[in-house]
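Remarks on the overall topology
One-letter residues, chain by chain:
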Amino acid sequence: MPAAMDVDALRAKIRDIKDFPTEGILFKDITTLLKDGPAWASVIDHLAARYRTTRVDLVVGVESRGFIFGGALAHQLKAGFVPVRKRGKLPAPTIEEEYELEYGRDILAIHEDAVGKGQRVLVVDDLLATGGTMAATFKLLTRLDATVVGAAFLIELAFLKGRQRLAGHRIDSLIVYE
């Protein structure tokens, strides 16, 4: 198996797209990293290594790019996978949590039977920005009596202070933009 790529090499595989999705935003496009097999494998290896000694029963992936990372991490950690989706996308009874986005409000949902009381959950998403999406996800999991062991991200935009909003939880980000 080839050696894991270092974080600087992974960072170099992410491209910036100006003014997407709206003017003034510098979007971090991860598709250029995802299409590179060794880089993609290295990301999952790096993130999984941080939780290999922690018991994780379930990996919760947040819609939609969190699904990409969540399934792969669940496989590596030999854990189950649970999706957190936008309202109306899950077929069985759900619980919901409203949250603020940088540009509006939205609602996340999880199946009400997705997580058992006390199950140890790792939450994953591609990007930590303001922390609103992850804070809503933590609220959903608290309502289901889950034990959140941490949250893992490929990218953290530290200047948006999302980590502060998630104080009290273990947060792991592979690539941090100050």
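Now for a quick tour of the structure. Just so it is clear, the structure is predicted and the values come from calculations on it, not from any experiment. (Residues numbered from 1 in each chain as written. Predicted model: local features only at pLDDT ≥ 70, side-chain atom pairs only at ≥ 80, totals over all residues. Heavy atoms only, no water.)

Looking at the overall build of the protein chain
Within the protein chain, the regular secondary structure consists of six helices and nine strands. Its C-alpha atoms give the protein chain a radius of gyration of 16 Å, within 12% of the compact-globule value 16 Å for 178 residues. Its C-alpha atoms give the protein chain principal-axis dimensions of roughly 40 × 40 × 30 Å. Residue burial in the protein chain is summarised as follows: out of 178 residues, 44% are buried. For the protein chain, long-range pairs separated by at least 24 residues make up 59% of all intrachain contacts whose partners lie at least 6 apart in sequence. Total accessible area on the protein chain is roughly 9,200 Å²; 51% of this is exposed by carbon and sulfur atoms. (Helix = DSSP H or I, 4+ residues; strand = E, 2+ residues; numbered from the N terminus. Rg over C-alpha atoms; globule rule 2.2 N^0.38 Å. Buried < 20%, exposed > 50% of the residue type's maximum accessible area, 1.4 Å probe, protein only. Contact = heavy atoms within 4.5 Å. Areas by Shrake-Rupley, 256 points an atom, 1.4 Å probe, with all protein chains shown as cover.)

So, helix α3 (residues 37–49)
In this model, α3 (13 residues) spans 18 Å end to end at C-alpha, consistent with the 18 Å of a helix rising 1.5 Å per residue. For α3, every residue scored as buried is listed here: Ala39, Ser42, Val43, Ile44, Leu47 and Ala48. On its buried side, α3 packs onto α1 (7–11), α2 (31–34), α4 (65–77), β8 (147–157) and β9 (171–177). The backbone nitrogen of alanine 39 has a side-chain oxygen 3.0 Å away, supplied by the residue at the start of α3, namely aspartate 36. (Expected span 1.5 Å × (residues − 1). Polar contact = N/O pair within 3.5 Å; in protein donor to acceptor, adjacent residues only side chain to side chain.)

So, unusual backbone geometry
Here the bond from phenylalanine 20 into proline 21 is cis, since omega is 5°, no more than 30 degrees from zero. In this fold, proline 21 is placed in the loop between β1 (15–18) and β2 (26–29). With an omega of -10°, the peptide bond running from glutamate 63 to serine 64 counts as cis. In this structure, serine 64 sits in the loop between β3 (58–62) and α4. Phi is positive for aspartate 19, close to 60°, though the residue is something other than glycine. Along the polypeptide, aspartate 19 turns up in the loop between β1 and β2. Positive phi, normally seen in glycine, also occurs at lysine 78, with a value near 55°. Structurally, the position occupied by lysine 78 is in the loop between α4 and β4 (80–86). Judged by relative accessible area, lysine 78 falls into the exposed class, the value being 76%.

Points about the pairing of β3
Of all five residues in β3, five are buried; the element is thus mostly enclosed. Alternating positions in β3 separate into two faces, Leu58, Val60 and Val62 on one and Val59 and Gly61 on the other, with burial throughout. What joins β3 to β4 is α4, and the crossover it makes is right-handed. Where β3 lies against strand β7 (residues 120–128), four bridges are found, and the strand directions are parallel. Of the residues in β7, the one forming a bridge with valine 59 is leucine 122. (Right-handed = clockwise from strand over helix to strand, strands pointing away. Pairing = 2+ DSSP bridges.)

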